[in-house]
Protein chains: 2
Amino acid sequence: YIEQVLSRIMNLYKVGFSLLGCVITWRLIPELKESFIKINLSGKDFNKINKPVVPESMGIICATVYLICLFLFIPFPFMEWFTDKGEFLSAMLSLQSMVLLGFVDDLFDIRWRYKLLLPTIASIPLLMVYYVNFGETHIVLPIPLRFLFGKYIDLGINGVEIGQSLIIAISIVINDLLFLNGSDPAVEAHLFSLYFIIPFIGVSLGLFMHNWYPSRVFVGDTYCYFAGMTFAVVGILAHFSKTMILFFIPQIFNFAYSVPQLFKLVECPRHRMPNKVKLQKPLNLPTLLSLKIFSTFGLIKITKNDVGSNLDYIEVNNFTLLNLILLKFGPMNERTLTICVLILQVLSSFLAFFIRYRLVHLFYEKQY
Amino acid sequence: YIEQVLSRIMNLYKVGFSLLGCVITWRLIPELKESFIKINLSGKDFNKINKPVVPESMGIICATVYLICLFLFIPFPFMEWFTDKGEFLSAMLSLQSMVLLGFVDDLFDIRWRYKLLLPTIASIPLLMVYYVNFGETHIVLPIPLRFLFGKYIDLGINGVEIGQSLIIAISIVINDLLFLNGSDPAVEAHLFSLYFIIPFIGVSLGLFMHNWYPSRVFVGDTYCYFAGMTFAVVGILAHFSKTMILFFIPQIFNFAYSVPQLFKLVECPRHRMPNKVKLQKPLNLPTLLSLKIFSTFGLIKITKNDVGSNLDYIEVNNFTLLNLILLKFGPMNERTLTICVLILQVLSSFLAFFIRYRLVHLFYEKQY
Ligand SMILES: [Mg+2]
Ligand SMILES: [Mg+2]
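Predicted model, so just to flag it, every value in this text is computed and none were measured.

**Student:** Just checking my understanding: could you explain the overall build of chain A for this structure?
**Tutor:** When its secondary structure is counted, chain A shows 18 helices and five strands. In chain A, which comprises 368 residues, the share counted as buried stands at 55%. In chain A, once contacts between residues fewer than 6 apart in sequence are set aside, the share between residues at least 24 apart is 74%. Taken as a whole, chain A presents about 16,600 Å² of accessible surface, with 66% of it coming from carbon and sulfur.

Following this line, the structure appears as structure tokens:
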């Protein structure tokens, strides 16, 4: 019985810290945003009429508050079994590495090929400690998650990255709570997950309030890396990486959909917003092929390519989930578009739970 | 006997990594310095005739390479007793926090009163884990060390910060080696210290080669915080914080000497280089008092304060060790000045060893 009371105190502690984290993040951002603009850490909001200058990389504030919250968990008596094995500490170390590198990326705009290296470097501490303690299983799977966020996806639409992250985080909490009731051996792992996710929701919410339409701040690569790494850490150390991946259905779809642009088969502008891409003729074979496949499935719409026309280019929408939504549901304003994307994310979380708890035996052999 | 062989392999491993770290740092800096200048992370070298623009904050490259070196130590079989207690991991976490915050300081020029908070935040993980594992002893002492480096001391003279750090680091290695021969119970702690210090020497050397007169890069607050935190971590976790402090005699002297300027009793320009400070009359009492005391000991020289003159200000040298050297030994060029400071640092290390191994019983009760 005492254990139950203590565990309840622990939960209060977590929730309290997260509320505090939320408030601190929310109050700190307006205080500090001028300093970011002063050193040119800012971007123009192209989707607004007057294109206001908005501070970038606010993820660093959010992530720093988060890390301090986690620091303060360390001496908690129940944390001993985490710190003993070094899991909690190595997870924090990896997270912080990712934040540091993400911030450096925001500052220097690191080239795509080096960018792929960053998450690898940042995950060294986690993988090393994991390897020392448990051997090698369950590691490889969630690594690609970290690439799914990041600028190539959604930058430019107010509130999308954080909104999606929040929905995924809430799904994880629900999933954790489903395990905490029983006397399942996975309880410990899911408690671990809650330690990381609840404060994450707190600080993200604090940032979300400034990033929601109309954005007064942008989150930067820093936030995307930070969020991606938080999910990777939780997936690996709480041993539910397969379930985790199910929450990323829209991101995985978006990544697969983006492949032609990521690999330069189709030209990729810096911001892939509603404007169209022009492709000079003649097109080479892989480009033609990918255009053919995608248009067969109705995933892209080629405009201005009349057979009779004399145009020496064809025009096509950008290959992102956002553009696909615009394609299917017609033009809409930025706010509505964001809400659409978030509803899609919620629906896909329902789908994930359905797959995980109804169809699980078809997909995985193990129960977690 | 096998243990001895393995320990030798470990040492080779450490030294190998450090050489690698040195080479990587040395080669990486010229590659990346253009990017730093592009985002205005640069400063003018006021001590050169043509005042060239030199990239700032190269400490971040040095520190990142260092942290990656440490990451790669984790799976080493002998590291288990470090990771088990979380010491190694929490030390890295604190170090990395300091690097992140130092870099942020370089970018935003954080105000002095907030600056004092940074090392406190960064040392939370270390202190927490230390508290969980060992209780509270041996902690408070080395904290002030971290303030001794940093911009208020030596910025602007090529090679001084790194040179001093290298001499301190080498002194620590010598001190560690003195303990490794015997079967002292402190062997473990000193091995721990070597794990941190040897790669630190490596990466610092790589940066030193670019920072030596004439500097092609500046090290930034990032390096100063990084170095300070490395020494603090080693001092705390290897339990020789008192010996450590002895290696900081010139820094401590400089700090005490700087007090009137740090606390604004005497005006403090941003760069306290050989130019003089003008103090408007009338002077208030604390200022007068500190000028009086310092000039009594011959530590400052008041120029232009003839009783008969009509000047409404007095002129005095800046309160730093560098200016004191110029005062005592006459004008010299930047390179000679740097060498003088470094010789002073070496001499004070000799003094430290003398105090530690000859006079120790007068100072400390315990032998370490
Ligand atoms: Mg970027
Ligand atoms: Mg600064």
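**Student:** Would you mind going over the relation of the copies chain B and chain A with me for this structure?
**Tutor:** Relating the two copies of this chain is a rotation about some axis coupled with a shift parallel to it. Rotating chain B by 180 degrees about the axis while translating it 0.0 Å along that axis superimposes it on chain A, leaving an RMSD of 0.0 Å. Here the two chains are linked by the operation of a two-fold rotation axis. A high fraction, 100%, of the interface residues of chain B reappear at the interface in chain A, so the copies pair face to face through one surface.

**Student:** Explain the sheet that holds strand 5 (residues 313-316) of chain A to me, please; I cannot follow it from the model alone.
**Tutor:** The strands making up a sheet associate through backbone hydrogen bonding, with each pair oriented either parallel or antiparallel. Residue and element names in this part refer to chain A. Spatially, three strands are ordered 3-5-4 in an open sheet, and the strand pairing comes out antiparallel. Here the strands that pair on one side only, and so sit at the sheet edges, are strand 3 (277-280) and strand 4 (302-303). In the sheet, strand 4 pairs with strand 5 via two bridges, with the strands oriented antiparallel. From the neighbouring strand, isoleucine 302 faces strand 5, where its bridge partner is valine 316.

**Student:** How do you make sense of unusual backbone geometry when you look at a structure like this?
**Tutor:** Note: most peptide bonds trans; most residues except glycine with negative phi. A cis amide bond, omega -10 degrees, links Tyr213(A) with the succeeding residue Pro214(A). Here the phi dihedral of Asn40(B) falls at roughly 65 degrees; this positive angle occurs in a residue that is not glycine. In this fold, Asn40(B) is placed in the loop between helix 1 (2-38) and strand 1 (42-44). Taking the relative accessible area as the measure of exposure, Asn40(B) reaches 57% and is therefore exposed. The backbone of Asp109(B) sits at a positive phi, close to 50 degrees, despite the residue not being glycine. The residue Asp109(B) is located in the loop between helix 4 (87-108) and helix 5 (112-115) in this model. What makes Asp109(B) partly exposed here is its relative accessible area of 40%.

**Student:** Help me understand the pattern of salt bridges, please; the structure alone is not making it clear to me.
**Tutor:** Between side chains of opposite charge, a pair can form when the charged atoms approach closely. Residue and element names in this part refer to chain A. Per the counting criterion, the structure on display carries four salt bridges over all chains. A salt bridge links lysine 48 to glutamate 334, with the shortest nitrogen-to-oxygen separation between them at 2.8 Å. Linking lysine 48 in the loop between strand 1 (42-44) and strand 2 (53-55) with glutamate 334 in helix 17 (residues 334-357), this pair joins segments that are 286 residues apart in sequence. For the pair lysine 48 and glutamate 334, one class covers both residues: buried.

**Student:** Before we go on, may I ask you to explain the pairing of strand 5 of chain A in this structure?
**Tutor:** On a regular strand, one side chain projects to one face of the sheet and the next to the other, so that they alternate. All names here are of chain A. Of the two faces of strand 5, both are covered, the one formed by Tyr313 and Glu315 as well as the one formed by Ile314 and Val316. Bridge analysis of strand 3 against strand 5 gives four bridges, and the strand direction is antiparallel. By the bridge assignment for strand 5, leucine 279 is matched with isoleucine 314.

**Student:** Would you mind going over the interface of chain B and chain A with me for this structure?
**Tutor:** Note: interface size is frequently given as the accessible area lost on complex formation between the parts. The interface of chain B with chain A comprises 33 residues on the first partner and 33 residues on the second. At the boundary of chain B with chain A, total buried surface from both sides reaches about 3,000 Å², with 84% on carbon and sulfur atoms. Taken together, chain B and chain A are joined by zero salt bridges. Our count for the contact surface shared by chain B and chain A stands at two residue pairs in polar contact (both at pLDDT 80 or more). Secondary-structure elements contributing two or more residues to the side of chain B that touches chain A are helix 1, helix 2 (59-73), helix 3 (80-85), helix 4 and helix 7 (124-134) of chain B. For the side of chain B that touches chain A, the element with the most residues is helix 4 of chain B, which contributes twelve residues. Looking at side-chain class alone, the side of chain B that touches chain A contains 24 nonpolar, seven polar and two charged residues.

**Student:** Teacher, can you tell me more about the packing of aromatic side chains here?
**Tutor:** How two aromatic rings sit relative to each other is given by the distance of their centres and the angle of their planes. Per the counting criterion, the structure on display carries 41 aromatic pairs over all chains. Geometrically, the ring pair formed by Phe73(A) and Tyr195(A) is edge-to-face, given 5.1 Å between the ring centres and 75 degrees between the ring planes. Here Phe73(A), found in helix 2 (residues 59-73), pairs with Tyr195(A), found in helix 11 (residues 187-211); they are 122 residues apart in sequence, far enough to count as distant. Residue class for Phe73(A) comes out buried when judged on its relative accessible area of 0%. Judged by centre distance (5.1 Å) and plane angle (65 degrees), the rings of Tyr66(B) and Phe226(B) are edge-to-face. Of this pair, Tyr66(B) sits in helix 2 while Phe226(B) sits in helix 12 (residues 220-237), and the two are 160 residues apart along the sequence. A relative accessible area of 0% places Tyr66(B) in the buried class. Owing to a relative accessible area of 0%, Phe226(B) belongs among the buried residues under this scheme. Over the ring of Tyr357(B) we find Arg356(B); its NZ or CZ atom is 4.6 Å from the centre of that ring.

**Student:** Sorry, what's going on with the side chain of Lys48(A) here?
**Tutor:** Residues and elements named next belong to chain A. With relative accessibility at 11%, the residue lysine 48 sits in the buried group. A polar contact of 2.9 Å, which involves the side chain of lysine 48, links it to the side chain of aspartate 45. With residues up to four places along the chain from it excluded, the contact list for lysine 48 reads Asn158, Tyr213, Pro214 and Glu334.

**Student:** How should the sheet that holds strand 3 (residues 277-280) of chain B be read in this particular structure?
**Tutor:** Taken in spatial order, the three strands line up as 3-5-4 (chain B) in an open sheet, and their pairing is antiparallel. Of all strands in the sheet, those bounded by a partner on one side alone are strand 3 and strand 4 (302-303) of chain B.

**Student:** Even after reading the chapter, I still don't get the packing of helix 16 (residues 321-329) of chain B against helix 17 (residues 334-357) of chain B, so can you show me in this structure?
**Tutor:** The angle between the axes and the distance between the axes are what describe a pair of packed helices. Residues and elements named next belong to chain B. Helix 17 packs onto helix 16 with a crossing angle of 105 degrees between their chain directions and a minimal axis gap of 10 Å. The angle between helix 16 and helix 17 places the two elements in the roughly perpendicular class. When helix 16 is examined against helix 17, the residues Leu321, Leu322, Ile325 and Leu326 are found in contact with a partner set consisting of Leu337, Cys340, Val341 and Leu344.

Conventions used here
- Residues numbered from 1 in each chain as written.
- Chains lettered and ligands numbered in written order.
- Predicted model: local features only at pLDDT ≥ 70, side-chain atom pairs only at ≥ 80, totals over all residues.
- Heavy atoms only, no water.
- Helix = DSSP H or I, 4+ residues; strand = E, 2+ residues; numbered from the N terminus.
- Buried < 20%, exposed > 50% of the residue type's maximum accessible area, 1.4 Å probe, protein only.
- Contact = heavy atoms within 4.5 Å.
- Areas by Shrake-Rupley, 256 points an atom, 1.4 Å probe, with all protein chains shown as cover.
- Least-squares fit on C-alpha atoms with pLDDT ≥ 70 in both.
- Pairing = 2+ DSSP bridges.
- Salt bridge = Lys/Arg side-chain N within 4 Å of Asp/Glu carboxyl O.
- Buried area = accessible area lost by both parts, 1.4 Å probe.
- Polar contact = N/O pair within 3.5 Å; in protein donor to acceptor, adjacent residues only side chain to side chain.
- Nonpolar A, V, L, I, M, F, W, Y, C, P; charged D, E, K, R; others polar.
- Phe/Tyr/Trp six-rings, centres within 6.5 Å; stacked < 30°, edge-to-face > 60°.
- Lys NZ or Arg CZ within 6 Å of the ring centre and 35° of its normal.
- Axes fitted to C-alpha atoms, helices over the stretch in contact; angles between N-to-C directions.
- Parallel < 35°, antiparallel > 145°, perpendicular 65-115°, else oblique.

Geometric descriptors of this kind do not, in isolation, establish any biological role.
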